[in-house]
Number of protein chains: 6
Amino acid sequence: MHIKIVNPNTTRAMTDKIGDCARSVAGPGTLVEAVSPQMGPASIESHYDEALSVPGLLEEIARGEEAGVDGYVIACFGDPGLDAARELASGPVLGIAEAAMHTASFLGRGFSVVTTLGRTRGRAWELAERYGMQRFCLGVHACEIAVLDLDRDPDAVKVITEACRVALDRDGSDAIVLGCAGMADLCAVISAELGVPVVDGVAAATLMVQSLVTLGLRTGARGEFAAPLPKKYTGLLEGFGR
Amino acid sequence: MHIKIVNPNTTRAMTDKIGDCARSVAGPGTLVEAVSPQMGPASIESHYDEALSVPGLLEEIARGEEAGVDGYVIACFGDPGLDAARELASGPVLGIAEAAMHTASFLGRGFSVVTTLGRTRGRAWELAERYGMQRFCLGVHACEIAVLDLDRDPDAVKVITEACRVALDRDGSDAIVLGCAGMADLCAVISAELGVPVVDGVAAATLMVQSLVTLGLRTGARGEFAAPLPKKYTGLLEGFGR
Amino acid sequence: MHIKIVNPNTTRAMTDKIGDCARSVAGPGTLVEAVSPQMGPASIESHYDEALSVPGLLEEIARGEEAGVDGYVIACFGDPGLDAARELASGPVLGIAEAAMHTASFLGRGFSVVTTLGRTRGRAWELAERYGMQRFCLGVHACEIAVLDLDRDPDAVKVITEACRVALDRDGSDAIVLGCAGMADLCAVISAELGVPVVDGVAAATLMVQSLVTLGLRTGARGEFAAPLPKKYTGLLEGFGR
Amino acid sequence: MHIKIVNPNTTRAMTDKIGDCARSVAGPGTLVEAVSPQMGPASIESHYDEALSVPGLLEEIARGEEAGVDGYVIACFGDPGLDAARELASGPVLGIAEAAMHTASFLGRGFSVVTTLGRTRGRAWELAERYGMQRFCLGVHACEIAVLDLDRDPDAVKVITEACRVALDRDGSDAIVLGCAGMADLCAVISAELGVPVVDGVAAATLMVQSLVTLGLRTGARGEFAAPLPKKYTGLLEGFGR
Amino acid sequence: MHIKIVNPNTTRAMTDKIGDCARSVAGPGTLVEAVSPQMGPASIESHYDEALSVPGLLEEIARGEEAGVDGYVIACFGDPGLDAARELASGPVLGIAEAAMHTASFLGRGFSVVTTLGRTRGRAWELAERYGMQRFCLGVHACEIAVLDLDRDPDAVKVITEACRVALDRDGSDAIVLGCAGMADLCAVISAELGVPVVDGVAAATLMVQSLVTLGLRTGARGEFAAPLPKKYTGLLEGFGR
Amino acid sequence: MHIKIVNPNTTRAMTDKIGDCARSVAGPGTLVEAVSPQMGPASIESHYDEALSVPGLLEEIARGEEAGVDGYVIACFGDPGLDAARELASGPVLGIAEAAMHTASFLGRGFSVVTTLGRTRGRAWELAERYGMQRFCLGVHACEIAVLDLDRDPDAVKVITEACRVALDRDGSDAIVLGCAGMADLCAVISAELGVPVVDGVAAATLMVQSLVTLGLRTGARGEFAAPLPKKYTGLLEGFGR
């Protein structure tokens, strides 16, 4: 089984970390490929960044189709381009916010999200609603560390852990969802420190896609998610989608 | 990894089928055990049946804890006793309606449920709401075949497939969810006939529990889902829960 | 008119108090019978306790049917077994959370619930949603006194009254709902102290059932709430429900 | 106990029928007074009619306060002026749509409303939402008989019964709510014909107000529903409300 | 184009201010007329006040119809009589809460309402829900200055500005909605002070009505909002509505 | 005042029609500029098309900022890139679905959307929910004419009008919303034929933006919608957004 994980930003170090986290949970017969697109923002911290990440992401999906990929993960907590990717892919596609929130909903009455910058909280709430997870999402909290500082800031783990602790107390939640692919390696340490389940979307999405492929399931294509109609595209992905 | 699947009714033939379906998707290192409880109804088709299935189900969870089980599946589409089981178990617990609905939500804008008797539809809607899946659940349809007739009625597959076809057309849905553990073996044939993804909760729940165990996740136990307080129980499960 | 109140725990002193509260409001022609089941937990403070209280409760409903009871009250704030009881009973059945929340909704924009242990709050919210009362339920607050300590703890009234005061201030609510049958005798004193309406579900449910019987109304039995189908039950209530 | 029922239209024959229905269910110690206001429309079939019925209705509440009335029923299915009446009255106030919908919610998964003219359906849905009863209200159906024709049209009972039958089938509902005070005398005959519970709001509201008075409960007056502030009113109810 | 603004209270000074604010934004070809009704309360601070303002308001709509008015604004933040006015008017009708909330929803993820007395907050929430604006309305805050004191209290601007500042911080909102027609002249100063968009409903509604008239749009009259049926009205607006 | 309308597809004929419709309603002092982006799809009929239209759209917003544009309209019924555009623009931005749905909500209890291909209905529902307009949106109907065939198909007006008629009957709605910028010129003829208000989003959005600019309002920029942070963008809009 071949699962392709697209980190929609162009920062390769982050893509490598994401790939490692995914591989550490994937089954023995699963090949995990992690890539960044060739165009897009260095990190995603606004609706603008998200919008500009999507064409490059879709290009990677289109390349994956040519390579016979079985399923995809979109590894940014804003789940950019998810619906478009589902139209394009013949196998299942999951976003990491989607996977993390669903997974956390199995662990109790509700979870708290701890994310990077405060300005991204609106998108997290929007996704929670879209996925039906709003009733489980008891709070979205920002640690106010920018995405690319997660690895540079020596206090990052401490600050994020503290934000998780505050979130648990304020929200009375049963679990934590980490709200950025760049936090994928922090689950174990925070869970050990706080004694609650901590969910990373990269690992969760990888296993969910693996499960969907095992079950022989893919996006239903009889209506909204049929392949895009052939038409003229100017200046972007002209070679695909015809 | 040891996953225990409890079919909360006392019909062993159905339990065997459920076990087979689960084993056919579980990973190589996963031991799947499928059991029926020692007390309860022969099939579950009402709130009354469901209520009477729960003590026997909980007894099996308690036994599973003594045996070091890693995670549990409740294999009835009413997901009876799910919250109580989560208090009791040290590993994750999923219901098959829960697993099937979440899984189907990854496959498009919405799904249709096709279940057994019409009187169980209310419970399916209730669960859809509880899991946040109401926005994806576009219809709950009954084939009006009783649970234990699923295997006896020679027309069952045809009738169920036809109910799925009607559901897809009426609801404009992208996928089908089969609303009874007793239909666990019908996914492939109906999917092939109708050309849409068809989700069985037994297989879906088995893989979700397997994923949760792989991720090291279990029900959060700092609040509502802490272990039950020790107290006197009269006449039911007196030996457990102290 | 014969109304049977089932306290689903096995603590007789609490059952007696419940019966007294119900009798103090029932009409002159109404016979109130209050019972505990023969099996079940000594108190109900978890999903597990609730689940184990249901078979004994249903047995009391079945006995009530043989005795010609006109209507039933389930006297635990988790309203355990309500749907199953409705299938079994020929007359109306109300839960005390149901009755209390509906009653409080007639008294203003919103109410606060004050209950026993914090771990039961999730269930109260769940019921509020189920009954459509979520829009009126502005908060669920715990006094952290265990059910059986309500009568033993000399400070109980003071602690509960204080929790009500805090709830009113935080929630800006118009009324209080007491979230445990064991608080049924506290309405008057708390209402006098705080100057707001305080609703006890036992009294409220008794009058609602009395009203339904007077109106000639019972659970509609043409679909979901028809009598359970005859089938084999093993080890639990074998003599009933056939 | 003195309960005052205000039929907010000026048609005395309808008021008399309403009073009779209420008296037939009220307890032995309850005095039921039914009145029409001195100003307002002959019947209520639009938002305009409803708005013009409210000052006369409030005048009757104000008069009731002077006469020591214990509780009030607003006997029009649009529940006009309910919030204003609650500010004015020292005892509880219920609308008949409110009482009927809550009552019907105790009888199953959902009910259908059968009302007079189609143009009033929007208001019924609005009230269902306001009371939290939207999840139980599965359909609002019009028999297209104007309010004052309910008594004149010889086919009225047949037409309404047929509308109820259609409603039950389409909605899959467990009970019927009659959507006009002018139908208060039809419950028994329709219930007998169709074999389902049929709820009239006049009788239901009378018993709910009687219950609230018995329980010593009234509208909470610490916030939104405190008595109106004294101020100058020009041209309407100048003598009251100061 | 002739737009009529009805301030539903009888305080002419407030009506004059409202007219000035509306005129300052209306287009060059738009005639703005601002009136108070001949009957009703001096200010509107309760459901009772609101109810008593409606007949006088409707009388002004009826007069406007005779004068060929193109569209109407109801200039009280409770939007009293909106549905009735829509039945009566041949052109569009907007309430200022309606216009302000919709306008604010275009400016970000959510807004805070700052209103006069705390007892009016429930109505603001009710309207937010009715208009679908509940998801944007992040808080309703009271400055506890009575309507007629807005012009008399020398600290009013300071107190309201401070309430806005607190609201922004608590709610994390993107914009402020001023919750009283009597605050119509405060937008600019508060916006300048706090650096966020501040919406006044009077100006917003005037432009929305102007836009609707320009677009040739009015209330749909094929169902619920058709003209009221001719019938007898006693004691109120007898000359109209026949 | 300078309003820039971006038709996010690359079909100039459609852009010209859109510009004409907007100019026909704009005020005398308003300059309306209508453009297509330099990259993107020829028409937008899928999530994929929508995603690929956004970078070109954002480029036009960025150019508009340099040119001192006061406000923007996004003229595709999927409202692509709306949030990103709001971050980028110093003036207000509206989508035509947003404007049309809000406008239609002022005209009655509910509206029906009539759109092009059935596969776009999911997006329309998604937007209705996002804008809080779901409660007013009673149905989304497809005429199954592709966007670029709206002008080519000689039967288009007839087919769309018929779809509107069916929608009104099925949904019981008060108004029609036309679900494609390419239908902007059809309002008058359909409204005349069917006798109901018909809303085109292009005209509605133009007037709403004009109103917002008149009111001095723009997107709140203190949180989620602040300008995008400066960072490296590769391969797309590299010259902007720094």
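Bear in mind that the values here come from a model prediction, so they are computed numbers and not experimental data. (Residues numbered from 1 in each chain as written. Chains lettered and ligands numbered in written order. Predicted model: local features only at pLDDT ≥ 70, side-chain atom pairs only at ≥ 80, totals over all residues. Heavy atoms only, no water.)

In this section: the overall build of chain A. A tally of helices and strands in chain A yields eight helices and ten strands. By the compact-globule yardstick of 18 Å for 242 residues, chain A fits well, its C-alpha radius of gyration being 17 Å. Across the 242 residues in chain A, those meeting the buried criterion constitute 71%. Considering only contacts within chain A whose residues lie at least 6 apart along the sequence, 70% involve residues at least 24 apart. Across chain A, the 21 positively charged side chains and the 31 negatively charged ones have centroids separated by 5 Å. (Helix = DSSP H or I, 4+ residues; strand = E, 2+ residues; numbered from the N terminus. Rg over C-alpha atoms; globule rule 2.2 N^0.38 Å. Buried < 20%, exposed > 50% of the residue type's maximum accessible area, 1.4 Å probe, protein only. Contact = heavy atoms within 4.5 Å. Lys, Arg positive; Asp, Glu negative; His and termini not counted. Charge placed at Lys NZ, Arg CZ, Asp CG, Glu CD.)

Bringing the sheet that holds strand 2 (residues 31–35) of chain D into the picture now. Residue and element names in this part refer to chain D. Strands sit in the order 2-1-4-5 across an open sheet of four strands; the sheet is parallel. The outermost strands of the open sheet, each flanked by one partner alone, are strand 2 and strand 5 (93–95). When the angles between neighbouring strand axes are averaged without regard to direction, this sheet yields 20 degrees. Against the sheet, helix 4 (residues 96–105) contacts strand 4 (71–74) and strand 5, and its axis sits at roughly 75 degrees relative to strand 5. (Pairing = 2+ DSSP bridges. Axes fitted to C-alpha atoms, helices over the stretch in contact; angles between N-to-C directions.)

Time to look at the sheet that holds strand 6 (residues 111–115) of chain F. Residues and elements named next belong to chain F. In spatial order, the strands read 7-6-8-9; together these four strands make up an open sheet with parallel pairing. Both outer strands of the open sheet, strand 7 (137–142) and strand 9 (198–200), are each paired with one neighbouring strand and no more. Put simply, the sheet's adjacent strands are angled 25 degrees from each other on average, direction ignored. Here strand 6 runs beside strand 7; their pairing, made up of five bridges, is parallel. Looking across to strand 7, one finds that V114 is bridged to H141.

Residues and elements named next belong to chain A. Along its sequence, chain A is organised into domain 1 (2–95 + 203–214) and domain 2 (97–200). Here the C-alpha centre of domain 2 lies 20 Å away from the C-alpha centre of domain 1. Facing the 26 residues of domain 1 at the interface are 31 residues of domain 2. Among the residues domain 1 hides against domain 2, the three largest losses belong to K17, E45 and F77. Together they make up 36% of the total. For the pair domain 1 and domain 2, the interface holds five salt bridges. Measuring nitrogen to oxygen at the nearest pair gives 2.7 Å for the salt bridge that ties R130 to D83. The tally of links from domain 1 across to domain 2 stands at 15 residue pairs in polar contact (both at pLDDT 80 or more). At the level of elements, helix 1 (12–23), helix 2 (47–66), helix 3 (82–88), strand 5 (93–95) and helix 8 (201–214) are the ones that each hand at least two residues to the side of domain 1 that touches domain 2. The residue inventory of the side of domain 1 that touches domain 2, partitioned by class, reads 14 nonpolar, six polar and six charged. (Domains from an automatic or database assignment. Buried area = accessible area lost by both parts, 1.4 Å probe. Salt bridge = Lys/Arg side-chain N within 4 Å of Asp/Glu carboxyl O. Polar contact = N/O pair within 3.5 Å; in protein donor to acceptor, adjacent residues only side chain to side chain. Nonpolar A, V, L, I, M, F, W, Y, C, P; charged D, E, K, R; others polar.)

Moving on, we come to the packing of aromatic side chains. Two aromatic rings, taken as a pair, are described by how far apart their centres are and by the angle between their planes. Scanning the model with the defined rule gives six aromatic pairs over all chains in all. Taken together, a centroid distance of 5.5 Å and an interplanar angle of 85 degrees make the contact between A:Y233 and F:Y48 edge-to-face. Of this pair, A:Y233 sits in strand 10 (residues 233–234) while F:Y48 sits in helix 2 (residues 47–66), which puts the two residues in different chains. Each of the two residues, A:Y233 as well as F:Y48, counts as buried. (Phe/Tyr/Trp six-rings, centres within 6.5 Å; stacked < 30°, edge-to-face > 60°.)

Moving on: the relation of the copies chain D and chain E. Expressed as a screw transformation, the operator carrying chain D onto chain E has a rotation angle of 180 degrees and an axial translation of 0.0 Å, and the superposed copies differ by an RMSD of 0.0 Å. Within this description, the copies of the chain are treated as partners about a two-fold rotation axis. Proximity to the rotation axis, assessed at the C-alpha, singles out D:A51 in chain D; its C-alpha lies 3.7 Å from the axis. A share of 98% of the interface residues of chain D reappears at the interface of chain E, consistent with the copies meeting face to face through the same patch. (Least-squares fit on C-alpha atoms with pLDDT ≥ 70 in both.)

Looking now at the interface of chain D and chain E. Every contact between the two is made by 45 residues of chain D and, on the other side, 44 residues of chain E. In this assembly, chain D packs against chain E so that about 3,500 Å² is buried in total across both faces, 59% of it on carbon and sulfur atoms. Three residues stand out in chain D for area buried against chain E, namely D:H47, D:Y48 and D:R119, and they jointly supply 23% of the buried area on that side. At the surface where chain D touches chain E, the tally comes to six salt bridges. In this structure, E:E45 and D:K231 form a salt bridge, with 2.6 Å as the shortest nitrogen-oxygen distance. Along the contact surface separating chain D from chain E lie 26 residue pairs in polar contact (both at pLDDT 80 or more).

Turning next to the arrangement of the chains. One finds no contact between chain A and chain D; the C-alpha atoms of the two approach each other to within 17 Å at their closest. One finds no contact linking chain B with chain E; the least C-alpha distance across the pair is 17 Å.

To continue, consider the pattern of salt bridges. If you walk through the whole model with that rule in mind, you get 120 salt bridges over all chains. A salt bridge links F:E129 to B:R135; the nearest nitrogen and oxygen atoms lie 2.7 Å apart. Within this pair, whereas F:E129 is found in helix 5 (residues 121–130), its partner B:R135 is found in the loop between helix 5 (121–130) and strand 7 (137–142), the two belonging to separate chains. By relative accessible area, which is 33% here, B:R135 ends up partly exposed. For F:R109, the salt bridge identified is with E:E224, shortest N-O distance 2.5 Å. Here F:R109 is found in the loop between helix 4 (96–105) and strand 6, whereas its partner E:E224 is found in the loop between helix 8 (201–214) and strand 10 (233–234) on a different chain. Taking relative accessible area as the criterion, F:R109 reaches 25% and is therefore assigned partly exposed. The structure contains a network of salt bridges with shared partners spanning A:E50, A:R123, A:E126, E:R109 and F:E224.

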